[in-house]
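Descriptive analysis of the structure
So the chains spell out like this:
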Amino acid sequence: LTPVPASRQREALRLLEQNLFQTDSFRLKPAFVASLVPSSLNRREVAPDFNLANLVLSLQRRTLVQLFQPAVMNRILAAPDKLANPKEAFRLSELYEGLHAAVWSELRTGKDVGLMRRNLQREHVALLAGQVLRGGVPADARALARQELRSLQTQLKASQAKPGFSREAKAHLADCLATVEEALKASLQRSTL
C-alpha cells in the first residue's frame, strides 16, 4: 500500500478544520432554522421541533470517531516507514494539534462558546479521555492524547479569568476541566499500579 501524500492529508485536515469544526461552520439564518421540521418518517421523534445542534453534533462526532480509529492512527504511524523521505510524512501529532486548534479556538480568542461548539468540545474531551483511559489505541496515540489533555487543562484554567464567556460557557469550560483532570488523575493512578 502507498500512503496518501502528506500534502493531500494536510489538505483534508484543513478542509475539516475550516468547514466542519470552525465556529461559523453551521451559521444559518434563524428564520431558516425555525422553518425546519423533523422528518415525518422518524416515528420515535417525540419533540415536534427540529434540533440543528444535535444534527451537527452527530456529523462532527462521526468524523472525530473516524479520525481517532486505532486503524487510522496505526496507518498514520506506519506511513514514514513506507516513504523514501520519512520526514515528509503526515504525523499523528499534526492530527491532534490541528483538531485541538480548530475545536478549542474560543480559548485563544475569548469569544463566547455557543451550544454547537460546547457539544463538539465535550465530544473531543470525551474521546481524548477515552484514549488515555482505555486500551486499544496505539501507545503513541495515548501519549499524544495525554499531552493534549495537559495542554487543554492549562488553557481551561487560564480561561476561567477571561471575561466574555456566558454563564453556560463558564459552566461548560469548568465541566470540561473537571473531565480532563479526572482523566489525567485516573490515568496516573492506573499507570502506577
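Going by the structure above, here's the rest.
Keep in mind that this is a model prediction, so the values were computed, not measured.

Broken down by element type, the protein carries nine helices and zero strands. Moving toward the C terminus, one meets the helices and strands of the protein in the order α-α-α-α-α-α-α-α-α. Buried residues in the protein amount to 38% of all 193 residues. For the protein, contacts bridging at least 24 residues in sequence account for 71% of all contacts bridging at least 6. Working note: accessible area of the protein is about 11700 Å², and carbon and sulfur atoms make up 55% of it.

Here we come to the nonpolar core. In this structure, Leu-92, Leu-95, Tyr-96, Leu-99, Trp-104 and Leu-156 are the most contacted members of the largest nonpolar core, which totals 41 residues. Only helix H1 (6-19), helix H3 (52-67), helix H4 (70-78), helix H5 (92-103), helix H7 (115-133), helix H8 (139-159) and helix H9 (167-192) provide two or more residues apiece to this core.

Assignment of secondary structure puts Gln-131 in helix H7. Residue class for Gln-131 comes out buried when judged on its relative accessible area of 4%. A polar contact of 2.6 Å, which involves the side chain of Gln-131, links it to the side chain of Tyr-96. Not counting the four nearest positions on each side in its chain, Gln-131 is found in contact with Phe-68, Met-73, Tyr-96, Val-137, Ala-141, Arg-142 and Ala-145.

A word on H1. One full turn of an α-helix is made of 3.6 residues, so residues set three or four places apart face in the same direction. Taking 1.5 Å per residue as the helical rise, H1 with its 14 residues ought to reach 20 Å, and the 20 Å between its terminal C-alpha atoms agrees with that figure. Elements that come into contact with the buried residues of H1 comprise H5.

Bringing the packing of H5 against H8 into the picture now. Contact geometry of H5 with H8 gives a least axis separation of 10 Å together with a crossing angle of 30 degrees. Between H5 and H8, the angle falls in the class roughly parallel. Crossing hand, H5 versus H8: right-handed. Here H5 contributes Leu-92, Ser-93, Tyr-96, Glu-97 and His-100 to the contact with H8, which in turn contributes Ala-141, Leu-144, Ala-145, Glu-148, Ser-151, Leu-152 and Gln-155. The class makeup of the residues in the contact of H5 with H8 is six nonpolar, four polar and two charged.

Below, the discussion takes up the pattern of salt bridges. Across all of its chains, the model carries four salt bridges by this definition. Between Glu-106 and Arg-117 there is a salt bridge; the shortest N-O distance is 2.7 Å. A residue pair is termed long-range when its members are at least 10 positions apart, and Glu-106 in helix H6 (residues 105-109) and Arg-117 in helix H7 qualify at eleven residues. Accessibility expressed as a relative area gives 1% for Glu-106, which makes it buried. Residue class for Arg-117 comes out buried when judged on its relative accessible area of 5%.

Right, let's get into the environment of Ala-126. For Ala-126, the location among the structural elements is in helix H7. Sequence separation between Ala-126 and Val-180 is 54 residues, and the spatial gap between their C-alpha atoms is 8.6 Å.

Moving on: the side chain of Thr-63. The residue Thr-63 is located in helix H3 in this model. Not counting residues up to four positions away in its chain, the partners in contact with Thr-63 are Leu-16, Leu-20 and Phe-21.

Right, let's get into the environment of Asn-74. If you trace the backbone, Asn-74 turns up in helix H4. Classification of Asn-74 as partly exposed rests on a relative accessible area of 41%. In the structure, Asn-74 is positioned 63 residues away from Val-137 in sequence and 8.5 Å away in space, judged by C-alpha atoms.

The rules we used
Residues numbered from 1 in each chain as written. Predicted model: local features only at pLDDT ≥ 70, side-chain atom pairs only at ≥ 80, totals over all residues. Heavy atoms only, no water. Helix = DSSP H or I, 4+ residues; strand = E, 2+ residues; numbered from the N terminus. Buried < 20%, exposed > 50% of the residue type's maximum accessible area, 1.4 Å probe, protein only. Contact = heavy atoms within 4.5 Å. Areas by Shrake-Rupley, 256 points an atom, 1.4 Å probe, with all protein chains shown as cover. Core = buried A, V, L, I, M, F, W, Y, C linked by side-chain atoms within 4.5 Å. Polar contact = N/O pair within 3.5 Å; in protein donor to acceptor, adjacent residues only side chain to side chain. Expected span 1.5 Å × (residues − 1). Axes fitted to C-alpha atoms, helices over the stretch in contact; angles between N-to-C directions. Parallel < 35°, antiparallel > 145°, perpendicular 65-115°, else oblique. Left-handed = near helix turned anticlockwise from the far one by under 90°. Nonpolar A, V, L, I, M, F, W, Y, C, P; charged D, E, K, R; others polar. Salt bridge = Lys/Arg side-chain N within 4 Å of Asp/Glu carboxyl O.

In short, the description is geometric, and any link to function would need to be established separately.
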